[in-house]
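Coordinate inspection notes
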Amino acid sequence: MPGQEHHDVLVIGGGNAGISLAARLHRYGVTDLAVVEPKDHHLYQPLFSHIAGGRATASEAIRPQAAVTPRGVKWIHDGATGIDAAANTVTLASGDTVTYGQLVVCPGLQLDWDKVPGLADAVHSPHGASHYEFELARRPGPCSAPSRPARRCSPCRPVPSNAEAPPKSPCTWPATTGGSRVSSMTSAW
């Protein structure tokens with residue numbers, strides 16, 4: 001069928017998980033392996049908290065996707081729009097299909113700040129910060145404001161609803177109005 005290809009192992013998602021897994025499988029001898037990833041640039045999310053804290057620059061977290069795709073692994077520069085597990089087929093945004101022997105699905109975190117009332121406004125305000133979103137990690141936040149003394153402060157990480165809550169540690173900084181202290185609980189992981 002035109003517009004269709006096959007791979008023994010197909011990985012959906014070229015983020016940290018997908019690329020790491022593809023590299024490991026290739027090292028273990030899987031030779032027919034492809035990664036489906038629509039983005040041109042790979043963002044190294046583990047570095048986002050260092051960017052938010054002023055310990056790394058944004059440019060250190062960006063690489064061309066072709067540069068991080070392991071040699072010997074095919075990069076399918078397209079997005080996955082559907083999976084037919086019964087037919088071992090993935091449909092791509094282009095309309096092409098890819099068949100597979102084994103499929104790994106790791107498309108990454110999909111943020112939806114609007115699921116929590118007020119959260120979108122809070123994180124996108126001048127005083128909001130998050131290391132989950134590249135643009136928010138890049139800008140100075142409440143933890144790195146130059147007019148305040150240095151304080152240890154971790155960006156907030158939401159806990160998945162199906163996970164046991166990790167231990168919490170307090171994060172405090174002066175409030176912008178009234179001089180009172182605002183305390184926020186952030187996870188230690």
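Please refer to the structure higher up on the page.
As a starting point, this report considers the structure included with it. Here the structure is a predicted model, which is why all the values come from computation and not from measurement.

1. Remarks on the pattern of salt bridges
Any two side chains of opposite charge can pair, on the condition that their charged atoms come close. For the coordinates displayed, the defined rule picks out 2 salt bridges. A salt bridge links K74 to E5; the shortest N-O distance between them is 3.0 Å. Taken as a pair, K74 in strand β5 (residues 74-76) and E5 in strand β1 (residues 4-12) lie far apart in primary sequence, 69 residues in all. Overall, E5 belongs to the partly exposed group, its relative accessible area being 27%. E135 is the partner of R138 in a salt bridge, and the nearest nitrogen-oxygen pair spans 3.5 Å. Of this pair, R138 and E135 both sit in helix α5 (residues 134-138), 3 residues apart, which is roughly one turn of that helix. Since its relative accessible area comes to 45%, R138 is described here as partly exposed.

2. Brief notes about the layout of surface pockets
Taking a probe equal in size to a water molecule and rolling it over the atoms shows the remaining empty space. Approximately 700 Å³ is the volume attributed to the second largest pocket. Lining the second largest pocket are 29 residues; nearest its centre among them are G15, K39, P107, G108 and L109.

3. Focus: the environment of Q102
Mapped onto the elements, Q102 comes out in strand β8 (residues 97-105). C-alpha separation for the pair Q102 and N88, spaced 14 residues apart in sequence, amounts to 8.0 Å. Contacts of Q102, omitting those with residues within four sequence positions, involve D8, V9 and L10.

4. Considering the pairing of strand β6 (residues 80-84)
Sheet topology note: the β6/strand β7 (residues 89-92) ladder contains 4 bridges and is antiparallel. Its bridge partner being in β7, D84 is matched across the sheet by T89.

5. Some thoughts on the sheet that holds β7
The strand order across the open sheet built from 6 strands is β5-β2-β1-β8-β7-β6, with neighbouring strands paired in mixed fashion. The sheet is open, and its two borders are formed by β5 and β6, each paired with just one other strand. Between one strand axis and the next, the sheet turns by 40° as a mean value, whatever way the strands run. Along the sheet face, helix α1 (residues 16-27) touches β1, β2 (33-36) and β8 and points at about 175° away from the line of β2.

6. Looking at the pairing of β1
Relative to β8, β1 runs parallel, the two sharing 8 bridges. Its bridge partner being in β8, I12 is matched across the sheet by V105. Since β1 and β2 lie parallel, the crossover through α1 that links them has a hand, and here it is right-handed.

7. Brief notes about the side chain of H42
As for its position among the elements, H42 is in strand β3 (residues 41-43). A distance of 3.1 Å separates a polar side-chain atom of H42 from the backbone oxygen of G14. Reaching out from H42, the side chain makes a polar contact with the side chain of N16 at a distance of 2.9 Å. With sequence-adjacent residues up to four places away left out, H42 is seen in contact with G14, G15, N16, I19, A61, I62, R63, P64, Q65 and V68.

8. Observations concerning the environment of E60
Looking at the element boundaries, E60 is found in the loop between α2 (48-52) and β4 (62-64). For the pair formed by E60 and Y44, sequence separation is 16 residues and the distance between their alpha carbons is 8.4 Å.

9. Considerations on the packing of aromatic side chains
Going through the model one piece at a time under the given rule, you end up with 1 aromatic pair. When the centroid spacing of 5.4 Å and the interplanar angle of 50° are considered together, the rings of F48 and F134 count as tilted. Separated by 86 residues along the polypeptide, F48 in helix α2 and F134 in helix α5 bring together distant segments of the chain. You'll find F48 and F134 in the same group, each marked buried.

The rules behind these values
Residues numbered from 1 in each chain as written. Predicted model: local features only at pLDDT ≥ 70, side-chain atom pairs only at ≥ 80, totals over all residues. Heavy atoms only, no water. Salt bridge = Lys/Arg side-chain N within 4 Å of Asp/Glu carboxyl O. Helix = DSSP H or I, 4+ residues; strand = E, 2+ residues; numbered from the N terminus. Buried < 20%, exposed > 50% of the residue type's maximum accessible area, 1.4 Å probe, protein only. 1 Å grid on protein atoms, 1.4 Å probe; cavity = no way out; pocket = protein on both sides within 12 Å on 5 of 7 lines; lining within 4 Å. Points joined across faces, edges and corners; volume = space filled by probe spheres on them. Contact = heavy atoms within 4.5 Å. Pairing = 2+ DSSP bridges. Axes fitted to C-alpha atoms, helices over the stretch in contact; angles between N-to-C directions. Right-handed = clockwise from strand over helix to strand, strands pointing away. Polar contact = N/O pair within 3.5 Å; in protein donor to acceptor, adjacent residues only side chain to side chain. Phe/Tyr/Trp six-rings, centres within 6.5 Å; stacked < 30°, edge-to-face > 60°.

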